[in-house]
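# Residue-level structure breakdown
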Amino acid sequence: MLEVRDLRKSFSGFVATSDVSFSVRRKQILAVIGPNGAGKSTLFNLITGHLAPDRGEVLLEGRDITGASPHRICRMGMGRSFQRTNIFSRLTVYENVQASLIAHQGRGLNMWRRSDAQLRDKTEAMLQSLGLADECDTVAGELSHGGQKQVELAIALAGEPRVLLLDEPTAGMSAQETGEVIRLLDRIVEERELTLLFTEHDMDVVFSIAHVVAVLHQGRIVANGAPEEVRRDALVRSIYLGGGMH
Amino acid sequence: MRRQTVTGVVVSAALFVIAATVPVLGSRYYTFVATDIVIFAMLATSLNLLVGLSGLVSFGHAAYFGVGAYVCGILMKAGGVPFLAAWLLGGVGGALLAGVFGYFCVRLTRVYFSMLTLAFAQIVWAVCFKWNDVTGGEQGYPDVPMPDLAFLDWLPWIGSLRSGDKFYFVVLMLATVSMLAMRRIANSSFGRILTCIRDNLERTQFIGIDVRRHQLVVFTIAGGFAGLAGGLFGIFNRGVFPDFCYWPKSAEVLIMTILGGMYSFWGPSIGAAVLIILNQYIVSRTEYWPLVLGAIMLALLFAFPRGIAGAVGAAWRSRDRFNA
Ligand SMILES: Nc1ncnc2c1ncn2[C@@H]1O[C@H](COP(=O)(O)OP(=O)(O)OP(=O)(O)O)[C@@H](O)[C@H]1O
Ligand SMILES: [Mg+2]
């Protein structure tokens, strides 16, 4: 489904991603973990076209997407959320999701049809399924942190992606909110037959839903396998010494 | 229809009727001021497709206004092209030029974008200023003919009006159609995507939108409507002059837009009316117009940071807001 080969990226001499290769099968859930600054977000940005790699390639369903612009990659079936929540904060929740649907259906240049009634059913269905129906007319930037993350997820899902990349989907959430998000993700991945990549610091989250775990350390993948194997890996243990590994 | 739609239609229709009665109620002078306002309302609204709707602050919008005026004026006077065709071609001229310049401008962001629009506008001004054979250079291009409005003569009372009043009606009709077209664009899917770009460019890219392409399209459209406004102004002014393209003209339109309220569709029109009326009133009393203008601007911007329409809209939530 998604394959990354020998990806490398440096920022003025500092190597943030180094010889990263892995692949994810359809409907698989891959967790990318690693300490702060390990290069997780950089890796995501390389995959989604926000950064151009110095070397290596990214293949989506066998197609080479290396160096393509973000909007192209999005149109090819990739969705993402950002580590710093990235939504249309001055638009309403409804408009956030509707805009994503308009873009997905290629109606961005339609100058004739009124926007407000367009795609109402689809928009409302999406809001309903993420539990945002009551917040329909709220200005998105006024929602709680968790609510905004939810909106970002709705924006990403409205594009009907086949591969979804979530950069720390539960960061800053309470234990209860985190639990809800995990259940939600679990359900969505199942319903929509998604391939999911996510980064996460909370190991409970990782081990509760990931099929595969890749550990990044200083830009390299130091372990990659089933959660149980990774958990037992000595190197991983030493990296996380004193960290959140149980 | 929803209640808001009904209100909108009623208010617009009332405004139109008031505007249409100006020549009946007032003197030649009122018609003159009203024509000026209608044309600048159209120009400021076209600029606001960029500033308010898309977050693209153009410092060179007058270039497309000026070029539209030259194209329309030259075609009518030197080419004998009928008014309506010349007018439309003036719009095409503005759009084409905006398409070419915009191609480069949208590659930059924020203040760099603004600076490039200004630079291009200065080039246009310099060309118009020096190209004596075509534009009349520094002396301008005088005596643009009044269109032949004999086709209006069969109408009950419009037909019997003075030619200046008749032309005002033509301006009002054409500007209304243009404004409704712009409003339609602002409220369309395209308009929604433009507000997204203004709000969050990075996110807009990753809902699958080619941001630059959309910016270029709206830049071209805005240039086209500016050209249409310019064509009307050249005739109204009985001549086209290089200062139509000069930067103070761009600044003036930008002031109208911000003063009136850039987050509302009708804000720039209000700004145009207020600024032109103030100008007429003050210029006839003091030579310190710029000083008075500065003071008024300061006062208004402190009192109504989101423009006049923003202040009114807060009291009466208007539908024609750009979600801001
Ligand atoms: N645009 C950039 N320019 C220079 N250095 C960068 C840039 N982006 C990231 N880096 C550096 O690359 C390294 C990896 O950053 P990255 O954001 O990918 O880490 P991360 O694993 O996502 O960390 P966190 O868990 O804190 O989110 C960091 O040292 C960071 O300072
Ligand atoms: Mg990160």
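So, here is what we can say about the structure in this document. (Residues numbered from 1 in each chain as written. Chains lettered and ligands numbered in written order. Predicted model: local features only at pLDDT ≥ 70, side-chain atom pairs only at ≥ 80, totals over all residues. Heavy atoms only, no water.)

## Quick look at the overall build of chain A
Rules: Helix and strand definitions here come from DSSP, where helices need a minimum of 4 consecutive H or I residues and strands a minimum of 2 consecutive E residues; each element is numbered from the N-terminal end. As a reference, a globule follows 2.2 Å times the number of residues to the power 0.38, and the radius of gyration itself is taken over C-alpha atoms. All accessible-area figures derive from a Shrake-Rupley calculation using a 1.4 Å probe, and residue coverage is judged against the displayed protein chains alone. Under this rule, positive means Lys or Arg and negative means Asp or Glu; His and the chain ends count for nothing. A charged residue contributes its charge at one atom only: NZ of Lys, CZ of Arg, CG of Asp or CD of Glu.
Broken down by element type, chain A carries nine helices and 10 strands. Taken over the C-alpha trace, chain A has a radius of gyration of 18 Å; the compact-globule value for 246 residues is 18 Å, and the two agree within 12%. In terms of principal-axis extent, the alpha carbons of chain A reach across some 60 × 40 × 30 Å. On chain A, roughly 10800 Å² of surface is accessible, and the fraction owed to carbon and sulfur atoms is 46%. Across chain A, the mean location of the 28 positive side-chain charges is 6 Å away from that of the 31 negative side-chain charges.

## Some details on the coordination of the magnesium ion (ligand 2)
All names here are of chain A. For clarity, the threshold we go by: Only nitrogen, oxygen and sulfur atoms qualify as donors, provided they sit within 2.8 Å of the metal or within 3.2 Å for Na, K and Ca; with water excluded from the atoms, sites may seem incomplete. With a 1.4 Å probe rolled over the protein chains alone, any residue whose accessible area is under 20% of its type maximum counts as buried; one over 50% counts as exposed, and the rest are partly exposed.
The coordination sphere of the magnesium ion (ligand 2), as far as protein atoms go, consists of Ser41 (OG) and Gln83 (OE1), spread over 1.9 to 2.0 Å. Placement of the pair is Ser41 in helix α1 (residues 40–47) and Gln83 in the loop between β6 (78–81) and α3 (93–104), with a sequence separation of 42 residues. Its relative accessible area of 22% is what places Ser41 among the partly exposed residues.

## Observations concerning the sheet that holds strand β3 (residues 29–33) of chain A
Note: strands within a sheet are paired through backbone hydrogen bonds, in either parallel or antiparallel orientation. All names here are of chain A. The criterion, for reference: Think of it this way: DSSP has to see at least two bridges between two strands before they count as a pair. Interaxial angles span 0 to 180 degrees and are taken between N-to-C directions of axes, which are lines fitted to C-alpha atoms, for helices over the stretch in contact. Any two residues whose heavy atoms approach within 4.5 Å at even a single point are treated as in contact.
Read across the open sheet, the six strands follow the order β6-β7-β8-β3-β9-β10; overall the sheet is mixed. The strands lining the two open edges of the sheet, one partner per strand, are β6 and β10 (220–225). Taken over all neighbouring pairs, the strand axes of this sheet differ in orientation by 15 degrees on average, direction set aside. Strand direction decides the pairing type here: β6 and strand β7 (residues 163–167), joined by four bridges, are parallel. Note that in β7 the partner of Ser81 across the bridge is Leu166. The strands touched by helix α5 (residues 145–158) are β6 and β7; relative to β7, the strand with the most contacts, the crossing angle is about 160 degrees.

## Considering the site of ligand 1
Residues and elements named next belong to chain A. Our working definition: Any residue with a non-hydrogen atom lying within 4 Å of a molecule or strand is treated as near it. Under this definition, polar contacts are N or O atom pairs within 3.5 Å; protein pairs additionally need one hydrogen-donor-capable and one acceptor-capable atom, and for neighbouring residues in sequence, both atoms have to be side-chain atoms. Residue type decides the class: Asp, Glu, Lys and Arg count as charged, Ala, Val, Leu, Ile, Met, Phe, Trp, Tyr, Cys and Pro as nonpolar, and the leftover types, Gly among them, as polar.
If you check the shell around ligand 1, you find 13 residues, and the closest are Gly37, Lys40, Ser41, Thr42 and Gln83. In this structure, Ala38 approaches ligand 1 through a main-chain N or O atom, which is 3.2 Å from an oxygen atom. Separating an oxygen atom of ligand 1 from a side-chain N or O atom of Gln83 is a distance of 2.8 Å. With the chains in place, 61% of the 640 Å² that ligand 1 exposes on its own is no longer accessible. Every element with two or more residues in the shell around ligand 1 is listed here: β2 (14–24) and α1. Looking at the shell around ligand 1 element by element, the count peaks at three residues for α1. In the shell around ligand 1, the residues fall into four nonpolar, seven polar and two charged.

## Thoughts on the interface of chain A and chain B
Here is the rule: Buried area counts how much accessible surface, traced with a 1.4 Å probe, disappears from two parts once they are put together, with both parts' losses summed. Salt bridges, as used here, are contacts in which a Lys or Arg side-chain nitrogen is within 4 Å of a carboxyl oxygen on Asp or Glu.
On the side of chain B, 29 residues touch chain A, which itself brings 37 residues to the contact. For the pair chain A and chain B, the summed buried area comes to about 3100 Å², and 57% of that belongs to carbon and sulfur atoms. In this structure, the connection of chain A to chain B is made through three salt bridges. The residue Glu95 of chain A makes a salt bridge to Arg192 of chain B at a minimum N-O spacing of 3.5 Å. Between chain A and chain B we count 13 residue pairs in polar contact (both at pLDDT 80 or more) in total. Listing elements by their share of the side of chain A that touches chain B, those giving two or more residues are α2 (70–75), β6, α3 and α5 of chain A. Ranked by residue count, the leading element in the side of chain A that touches chain B is α3 of chain A, at seven residues. Among the residues making up the side of chain A that touches chain B, the classes are represented as 14 nonpolar, 14 polar and nine charged.

## Things to note about the pairing of β10 of chain A
Residue and element names in this part refer to chain A. Sheet topology places strand β9 (residues 212–217) next to β10; five bridges connect them, and they run antiparallel. Pairing of Leu216 across the sheet is with Ile221, part of β10. In sequence, β9 turns back onto β10 through a hairpin of two residues, with Gln218 there showing a positive phi of about 50 degrees.

## Some remarks on the side chain of Ser54 of chain B
All names here are of chain B. For Ser54, the location among the structural elements is in helix α2 (residues 28–54). The exposure class of Ser54 is buried, given its relative accessible area of 2%. A polar contact of 2.7 Å, which involves the side chain of Ser54, links it to the backbone oxygen of Leu49. Apart from the residues lying within four places of it in its own chain, the contact partners of Ser54 are Leu49, Leu194, Ile197, Arg198 and Val218.

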